[in-house]
Amino acid sequence: MLSIKDFRINHTSSCCLSDNCRPVFCFALSSSEPDSVLAKATINMNGWSVETDSQVDILYRGKPLKPFTKYTVTLTVVDSLGETATTSSVYETGYLGSDFSGKWISDSSYVFREAKISPKPMIFRKHLSFTKPVKSVKVYSTAMGIYDFLLNGEKVGKNYFAPGFTSYAHQLMYQCYDITSMLQENNELCFELAGGWAVGSFVFTRANRISADRQALLADIRIEYEDGETEVIGTDDTWEVSTDSPILMADFYDGETYDARIALENISFHNASNERIRQNPVLIADYGAPVIAHEVFEPKTITTIGDGKTIIDFGQNFAGVVSFKVKNANEGQEIVIKHAEILKEDGDLNTLFLRSAKATITYICKEGEQEFSPTLTYMGFRYISIEGINPADIEVKAIAIYSDIEEIGSFECSNPLINRLQENIKWSSKSNFVDIPTDCPQRDERMGWTGDIAVFAKTAYFNFDMSRFIDKWLLDLRSEQLKTGGIPNTVPVQGYGFPATMPKMAIDFWGDAALMVPYADYMATGNKSLLEKSYESMKKYVNACKFWASFGFGQSRYIWHTPSIFHFGDWIAPDVPKMSQWQGRSKWTATASLKNTSSILSEVAEILGKDEDKSFYRGYSNKVKDAYINKFTNGEGKLKEEFQTGYVLPLHFRMFSSKNQAKAAQNLAELVKKNDYCIGTGFPGTPFILFALADNGQKDTAFAMLENTKCPSWLYEVRTGGTTVWERWNGLDENGKCTINDDGTGSVPMISYNHYASGAVGDFLYSRVAGIEPIEPGYKRFKIQPIVGGTLTYAKASTRSPYGTISSSWKLDGVKFTLEVEVPYGSTAEVIMPSGHKNVVTFGKHRFSE
């Protein structure tokens with residue numbers, strides 16, 4: 001029997017509101033018959049129909065869609081055996097570019113000029129009742145700031161931090177809430193607004209009022225009556241506002257202060273005022289992956305230190321908030337909860353590395369029993385301290401919050417430390433995928449650093465459904481790209497100027513996100529439309545890089561040798577201690593980057609049928625490759641100045657000649673052995689070092705490095721108690737204690753215990769240890785070619801492609817090797833055994849041995 005397992009519109013299977021007038025469809029199938037093959041699929045919507053044999057990236061090309069309309073989308077599939085299956089979904093449009101009826105409103109009596117803090121939260125109110133029967137009531141809302149929407153005192157929706165973090169100068173998302181089933185005879189609508197990213201303090205300089213002078217609200221209440229009439233009540237000066245909210249303070253870095261004694265019904269309101277916001281973004285229905293609550297943690301240990309301070313360990317480092325229930329409290333009693341990733345020697349929280357972030361919840365109690373969880377801030381933590389209440393009188397749990405990205409991948413092997421590494425990689429991903437891809441979730445940063453996601457994207461797509469999350473972020477990247485092609489180091493920029501303030505500036509590997517991320521998406525999902533949207537941005541960026549490499553004569557024109565202060569170089573490479581030394585390697589990293597990005601651009605140009613660009617950038621890439629080899633090596637596979645990343649990048653990007661590739665890999669292996677199989681690479685090299693070894697005849701060295709437990713290594717972090725991936729390899733000593741201290745200069749050492757970039761080794765676990773790798777985009781055709789090495793006796797992994805689940809599971813029993821694979825409907829797999837024997841298989845489960 002033929003069945004439709006999944007039908008997605010705009011990369012989601014749930015019915016959603018969208019302003020995309022060209023929705024994209026994909027679907028996954030299954031059949032009880034192994035010989036079944038898709039013959040045709042028919043999609044119908046709004047009088048438009050398409051017949052196709054494709055399952056992914058099918059674009060709507062019908063007549064224009066109308067605002068505020070629900071369209072039924074039907075999918076009918078027929079296979080080669082004559083079996084059919086049908087399903088349907090609903091596609092609902094929003095404003096589609098039309099204007100809100102409401103106007104931006106704020107509180108003009110509130111003047112916010114203080115530096116380095118966030119504004120006082122505001123609360124807006126509107127009373128709503130009806131004189132005749134209603135069919136539906138929907139609220140469309142957005143804000144400058146972040147908001148919670150409450151109806152009759154209850155929060156509506158499950159989002160945190162709406163409307164979301166975007167490039168506010170260019171686009172701003174709005175949300176839609178169907179409140180029909182929640183309505184009473186008389187209703188009170190409230191919006192609680194904090195400063196968030198737009199108005200509140202942000203980046204490590206604690207800039208504020210970046211996008212607006214104070215919070216502002218825009219909303220429409222759209223009422224459809226049973227008699228067919230439609231009424232829209234928009235925000236205007238008849239709405240009420242107050243800054244006397246029970247939320248006294250809300251800031252992403254400092255936390256939240258809440259006074260439970262202040263009841264909404266006792267707040268003094270006054271009329272709101274019309275607000276002219278400084279920016280004019282395009283308003284678009286929420287197109288990302290909203291931040292929501294996920295896993296809940298109970299305390300692992302509860303201890304008391306000092307003068308009654310309670311310390312709780314939740315057993316996992318993560319991004320989120322606490323939620324607590326107070327059994328009995330006195331009015332005015334103050335509970336203070338602080339957060340940290342690690343403890344000090346005395347058992348108290350180590351908050352040094354938070355820098356200026358206070359990461360504190362202050363709760364002022366009303367009388368009796370009560371519950372609370374903050375909704376307008378979040379922290380990165382494993383441990384909390386509680387003061388101001390007897391431990392017996394409070395029950396605390398913790399809630400992980402991150403974007404609504406579905407977990408689609410798993411990896412397991414015979415080495416339990418590697419299994420824990422896989423969990424650490426996932427948790428660092430979750431902790432940093434909070435509406436944008438951040439660097440860390442705890443200190444006064446949490447910015448959209450482009451370099452981290454550039455090198456991590458392939459690993460992310462193995463573990464999670466990243467499509468909507470990345471699509472949203474790449475729109476901001478394209479929006480904020482400099483006219484001359486450079487990419488800001490953080491996206492959205494939002495208060496952090498470099499290199500946005502530098503004419504034409506481009507930064508290798510960080511700016512490479514403009515190509516590496518959409519190309520990773522394409523290979524994982526088959527989403528060609530994203531390449532089409534990104535192509536001009538890709539080309540502008542590569543041309544900017546070309547410009548900076550063009551100064552000089554002869555082959556020097558292909559060596560990117562601008563001053564190292566304008567690069568990150570081999571960032572945080574543990575084999576050299578100083579920032580200047582990391583940056584000093586920029587000639588190598590930048591030139592290899594230029595080869596890689598121009599090569600990717602040539603491939604994308606070929607995919608999109610841009611033959612002239614394909615030829616030009618392929619030729620340019622080869623010239624950069626030759627220049628690197630001639631400038632930095634002896635022509636025989638040996639670097640004139642040896643360091644791990646200097647070998648890793650040209651090996652992985654196939655820059656050496658075929659006769660010198662193996663020699664270069666041998667030289668890298670020698671460096672690794674001399675370094676006791678420890679990591680010596682920084683951000684650019686760490687994701688690729690195991691590939692550079694294992695793919696070039698140095699499998700044993702690669703696995704020795706992977707399974708190494710000495711510092712610096714991936715498994716050292718695991719062995720010393722890490723539950724996430726760290727920013728720096730020496731975060732804890734052999735006993736799991738932090739020995740990094742303030743050096744007395746007033747500069748706080750840079751160390752985060754939740755930094756996902758080095759977790760890019762996850763790509764190697766999936767694509768080499770388990771052997772799963774796409775050959776054609778979206779895994780239409782893929783290979784399973786496990787590499788057996790080290791102490792491993794089994795490994796198994798799975799990931800969900802657009803066609804369905806792909807899995808690889810192998811076992812080594814003495815000299816007998818057994819491999820089981822699963823191929824989804826519509827895909828073809830090339831299964832290559834360790835002996836080199838190859839099998840080509842299609843839909844179903846297959847078993848091989850030798």
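Remember, it's a predicted structure, so these values are computed and weren't measured experimentally.

**Side note on the overall build of the protein chain**
Then, number 1: When you go through the protein chain residue by residue, the secondary structure sums to 15 helices and 44 strands.
Then, number 2: Its C-alpha radius of gyration of 28 Å places the protein chain within 12% of the 29 Å reference for a compact globule of 850 residues.
Then, number 3: Projected onto its principal axes, the C-alpha positions of the protein chain cover 80 × 75 × 60 Å.
Then, number 4: Looking at the 850 residues of the protein chain, the share that counts as buried comes to 62%.
Then, number 5: The long-range fraction of contacts in the protein chain, counting pairs at least 24 apart against all pairs at least 6 apart in sequence, stands at 72%.
Then, number 6: Carbon and sulfur atoms provide 47% of the accessible area of the protein chain, an area that totals close to 31400 Å².

**Here's the deal with the sheet that holds strand β2 (residues 16-18)**
Then, number 1: Strand order across the open sheet formed by five strands is β2-β8-β7-β4-β5, with mixed pairing between neighbours. In this open sheet, the two strands that pair with only one neighbour each are β2 and β5 (48-52). In this sheet, adjacent strand axes meet at a mean angle of 25 degrees when their direction is disregarded.
Then, number 2: Note that strand β7 (residues 70-79) and strand β8 (residues 84-93) share nine bridges and pair antiparallel. Its bridge partner lying in β8, Val77 is registered against Ala85.

**What to know about unusual backbone geometry**
Then, number 1: Each neighbour pair has its own omega, and for Ala162 with Pro163 the value is 10 degrees, a cis peptide bond.
Then, number 2: Looking at the secondary structure, you find Pro163 in the loop between β13 (154-155) and β14 (171-178).
Then, number 3: Residue Pro712 is reached from Cys711 by a cis peptide bond, and omega for that bond is 0 degrees.
Then, number 4: For Asn152, which is not glycine, the phi torsion reads 55 degrees and is therefore positive.
Then, number 5: Tracing the sequence through the fold places Asn152 in the loop between β12 (146-151) and β13.

**Some words on the side chain of Thr681**
Then, number 1: With respect to the helices and strands, Thr681 occurs in the loop between α11 (658-674) and α12 (689-694).
Then, number 2: For Thr681, the side chain forms a polar contact with the side chain of Thr686, separated by 2.8 Å.

**So, the packing of helix α2 (residues 416-432) against helix α15 (residues 762-769)**
Then, number 1: For the pair α2 and α15, interaxial distance at closest approach is 10 Å and the crossing angle is 125 degrees. It follows from the interaxial angle that α2 and α15 lie oblique. Every residue of α15 that contacts α2 at Ile418, Gln422, Ile425 and Lys426 is listed here: Gly762, Leu765 and Tyr766.
Then, number 2: Tallied by class, the residues present in the contact of α2 with α15 amount to four nonpolar, two polar and one charged.

**Regarding the pairing of strand β32 (residues 379-387)**
Then, number 1: Among the nine residues in β32, eight count as buried, and that is most of the element.
Then, number 2: Two strands pair when backbone bridges link them, and strand β26 (residues 309-326) and β32 are joined in this way by seven bridges, in the antiparallel orientation. Pairing of Asp313 across the sheet is with Tyr383, part of β32.
Then, number 3: Here five bridges tie strand β27 (residues 334-340) to β32, and the two strands are oriented antiparallel to one another. Looking at β32, one finds that Ile337 is bridged to Ile386.

**A short note on the pattern of salt bridges**
Then, number 1: Taken as a whole and assessed by the stated rule, the structure comprises 47 salt bridges.
Then, number 2: A salt bridge links Lys40 to Glu51; its shortest N-O distance comes to 3.7 Å. In this pair, Lys40 is assigned in strand β4 (residues 38-45) and Glu51 in strand β5, connecting sequence segments 11 residues apart.
Then, number 3: Assessed through its relative accessible area of 34%, Lys40 is described here as partly exposed.
Then, number 4: A salt bridge links Asp695 to Arg768; its shortest N-O distance comes to 2.9 Å.

Cut-off values and rules
Residues numbered from 1 in each chain as written. Predicted model: local features only at pLDDT ≥ 70, side-chain atom pairs only at ≥ 80, totals over all residues. Heavy atoms only, no water. Helix = DSSP H or I, 4+ residues; strand = E, 2+ residues; numbered from the N terminus. Rg over C-alpha atoms; globule rule 2.2 N^0.38 Å. Buried < 20%, exposed > 50% of the residue type's maximum accessible area, 1.4 Å probe, protein only. Contact = heavy atoms within 4.5 Å. Areas by Shrake-Rupley, 256 points an atom, 1.4 Å probe, with all protein chains shown as cover. Pairing = 2+ DSSP bridges. Axes fitted to C-alpha atoms, helices over the stretch in contact; angles between N-to-C directions. Polar contact = N/O pair within 3.5 Å; in protein donor to acceptor, adjacent residues only side chain to side chain. Parallel < 35°, antiparallel > 145°, perpendicular 65-115°, else oblique. Nonpolar A, V, L, I, M, F, W, Y, C, P; charged D, E, K, R; others polar. Salt bridge = Lys/Arg side-chain N within 4 Å of Asp/Glu carboxyl O.

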